[in-house]
Amino acid sequence: MHLQLEKLYTYPIKSCKGIALTNTSIEAIGFAFDRSFAIINAQQKILTARENQKLLTIQPHIQNNALTLSTPKQSNISIDISYIPANTIEVGIFSDVASANIVGSETDDWLSHVLEEKCRLVSIDTTRLRKMKPKYNGLETDFISFSDIAPIHLISEASLADLNAKLDHSVTINRFRPNIVVSGCKAYEEDRWTHITIGNCEFEVTLKTPRCTFTTIDPLTTTVDSKQEPLRTMASYRKTNSTVDFGIYLKPTKMGRINNNDSIEAR
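Once a new chain begins, its residue numbering starts again from 1 and follows that chain's sequence as written. Only residues with pLDDT of at least 70 get local features here, since the model is predicted, and only at 80 or more are side-chain atom pairs given and counted; chain-wide, interface and lining totals rely on the full set of residues. Excluded from the side-chain calculation are hydrogens and water; included are all heavy atoms of the structure.

(A) Focus on the side chain of Ser99. Strands here mean DSSP runs of E at least two residues long; helices mean DSSP runs of H or I at least four residues long; both are numbered from the N terminus. One can find Ser99 in strand β10 (residues 96–102). Reaching out from Ser99, the side chain makes a polar contact with the side chain of Asp125 at a distance of 2.7 Å. Here Arg128 takes part through its side chain, which lies 3.1 Å from a polar atom of the side chain of Ser99. Those residues within four positions of Ser99 in sequence are excluded, and the remaining contacts are Thr88, Ile89, Ser123, Ile124, Asp125 and Arg128. Pairing of N or O atoms within 3.5 Å defines a polar contact, subject to two protein rules: one partner must be a possible hydrogen donor and the other a possible acceptor, and residues neighboring in sequence count only if both atoms are side-chain atoms. Contact definition: two residues touch when any of their heavy atoms are within 4.5 Å.

(B) Expanded view of the nonpolar core. What we call a nonpolar core is a set of buried Ala, Val, Leu, Ile, Met, Phe, Trp, Tyr and Cys residues that are connected through their side-chain atoms within 4.5 Å. With a 1.4 Å probe rolled over the protein chains alone, any residue whose accessible area is under 20% of its type maximum counts as buried; one over 50% counts as exposed, and the rest are partly exposed. Formed by 23 residues in total, the largest nonpolar core has its most connected members in Ile180, Trp193, Ile196 and Leu250. Where this core is concerned, the elements lending two or more residues are β1 (4–10), β2 (19–21), β14 (152–156), β15 (180–183), β16 (195–198), β17 (201–210), β19 (243–254) and β21 (264–266). Excluding residues that lie within four positions of it along the chain, Ile180 makes contacts with Leu5, Lys7, Leu8, Phe31, Ile152, His153, Leu154, Ile155, Ile198 and Leu250. Within the second largest apolar cluster, 20 residues are counted, among which are Ile39, Ile58, Ile77 and Leu111.

(C) Seen up close, the sheet that holds strand β9 (residues 88–93). By this definition, two strands are paired if DSSP reports at least two bridges between them. The strand order across the open sheet built from 4 strands is β5-β11-β10-β9, with neighbouring strands paired in antiparallel fashion. Across the chains shown, the open sheet's two edge strands, defined by having one partner strand only, are β5 (37–41) and β9. Sheet twist, expressed as the average angle between the axes of neighbouring strands with direction ignored, equals 55 degrees. Where β5 and strand β11 (residues 119–124) come together, 5 bridges link them in antiparallel fashion. What sits directly across from Asn41, in β11, is Cys119. Running over the sheet, helix α1 (residues 106–115) touches β5 and β11 and is turned about 120 degrees from β11. Fitting a line to C-alpha atoms yields each axis, with helices limited to the stretch in contact; the angle taken between N-to-C directions then spans 0 to 180 degrees.

Right, dumping it as structure tokens:
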């Protein structure tokens, strides 16, 4: 096995478009800025593309402490994120609760217009992070941002190629919103890994990634597949107990920076 690091992605706003990276800093809660923002509805629950597919039309960009949002049908909007007041609220995230800060009213009208419902932009409250749940192999000292389960998500190109060979219409890697994409291993070989080293950073594999209906949404057209693909096909051969697994979750155990030409080892 000769592993190669193929792609790195971060998703600054939960459920919005990702950003391809050439390098990133690794923090205890994952990639810098990954899922550090989210959009809440009028009931103060975090919106995902499962509820509003229009989220997938929003492209965030972060540079020099400015968060810029763009979408095909509206002018861009930028806000300064170097200082976000501690306007702390509790927001619902699935069946859980997260502590968040209201970013500011500048983006709220813009987002409400794009998503066609009243909503607000919030950032993760880093002073009161959610804990990784014990059922996902989280320890008392493991925390996450607005991520679903764990800090970092990895997929291999071989596993995607194997899945696409079983589908009538192939899907892209973006369906699965990975942070790390690797090549050079056999399909699903990542299922057996327990530890990964990238450059000087180290990661522990916490669990295989359980998939949901998010995978049935085409990130380019934002339409939901009428046949529930690729989830239906994955369920036919990747179902364990009550979950359909595809990819793996990682938590950092040694922080630093990684680059897309770094060496990568798995064991």
